[in-house]
Amino acid sequence: METRFTRGKSAILERPLSRPKTEVSVSVFALLFSELAQYCQGRVYSVSELQARLAGLGQRVGVGLLDVLVLREKSGKRETKVLNMLLFIKVSVWRALFGKEADKLEQANDDDKTYYIIEKEPLVNTYISVPKENSTLNCAAFTGGIVEAILAHIGFPAKVTVHWHKGTTLMIKFDEAVIARDKALEGR
């Protein structure tokens, strides 16, 4: 098998996993994401189906992103506490995806299983125009899928839903077993 070199740079498989330049043009991202949304829209009949399809595609991205970020940011070590995992998502995952941290991370007052990641102006909604009949569409379902896949594959199964509240809010509702494990770890 022949290895190709272009202008003195090594082949992509021979490069280290260290942090490469991760800047992507916003216009290119907007074009690709709008095409992705249009592709999905042509294959569904309702807004909820479209959001589910976007979330499914986001889950595929989340699985791949998790592997890279755990190696780069955590040196292969995984989090064991819910709050630390959510902070990893709020800071590291958001920075890798969007170049900045998420705006807020909050816990529900009445439920210890529910957390919220709030993004006032998500990039995935910025360049999407939504017709009036689909006014409930929130393309951040794609981001919700990414977060749900990351949590599930690192051992924190949760259901992530996306809502219009204070901008866009990702509501993360953890399984009972995750909260019980977290409380047991606190008791040590």
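Residues numbered from 1 in each chain as written. Predicted model: local features only at pLDDT ≥ 70, side-chain atom pairs only at ≥ 80, totals over all residues. Heavy atoms only, no water.

Enquirer: Please give an account of the layout of surface pockets that cites residues and values.
Expert: Remark: the empty space left among the atoms is shown by a probe the size of a water molecule rolled over them. Roughly 210 Å³ of volume is contained in the second largest pocket. Elements with a contribution of two residues or more to the lining of the second largest pocket: helix H2 (47-74), helix H5 (141-153) and strand E3 (158-164). Residue contributions to the lining of the second largest pocket peak at five residues, all from H2. Split into classes, the residues belonging to the lining of the second largest pocket amount to five nonpolar, six polar and two charged. (1 Å grid on protein atoms, 1.4 Å probe; cavity = no way out; pocket = protein on both sides within 12 Å on 5 of 7 lines; lining within 4 Å. Points joined across faces, edges and corners; volume = space filled by probe spheres on them. Helix = DSSP H or I, 4+ residues; strand = E, 2+ residues; numbered from the N terminus. Nonpolar A, V, L, I, M, F, W, Y, C, P; charged D, E, K, R; others polar.)

Enquirer: I'd like to hear about the packing of aromatic side chains, residue by residue, with values.
Expert: Per the stated rule, a full pass over the model turns up four aromatic pairs. Between Phe 29 and Phe 33, the aromatic rings sit 5.9 Å apart at their centres with planes inclined by 15°, giving stacked as the arrangement. You can see Phe 29 and its partner Phe 33 sitting in helix H1 (residues 26-41), four residues apart, about one turn around the helix. Residue Phe 29 is classed as partly exposed on the basis of its relative accessible area of 25%. Among the residues examined, Phe 33 registers a relative accessible area of 5% and is labelled buried. Their ring planes at 80° and their centres at 5.8 Å tell us that Tyr 115 and Phe 174 sit as a pair that is edge-to-face. Placement of the pair is Tyr 115 in strand E2 (residues 114-119) and Phe 174 in strand E4 (residues 168-174), with a sequence separation of 59 residues. Judged by its relative accessible area of 3%, Phe 174 is buried. Taken together, the aromatic side chains of Phe 29, Phe 33 and Phe 142 make up a single cluster linked through ring pairs. The lysine or arginine in question, Arg 181, covers the ring of Phe 156, its NZ or CZ lying 4.8 Å from the ring centre. (Phe/Tyr/Trp six-rings, centres within 6.5 Å; stacked < 30°, edge-to-face > 60°. Buried < 20%, exposed > 50% of the residue type's maximum accessible area, 1.4 Å probe, protein only. Lys NZ or Arg CZ within 6 Å of the ring centre and 35° of its normal.)

Enquirer: Requested: an account of helix H6 (residues 176-186), with residues and values cited.
Expert: Those residues of H6 not exposed but buried are Val 178, Ile 179 and Asp 182. Seen along its axis, H6 keeps its buried residues to an arc of 95°; they face one direction. Residues of H6 that are exposed and point over 90 degrees away from its buried face: Glu 176 and Ala 177. Those residues of H6 hidden inside the fold are in contact with helix H3 (82-98) and E4. (Arc of directions from axis to C-beta. Contact = heavy atoms within 4.5 Å.)

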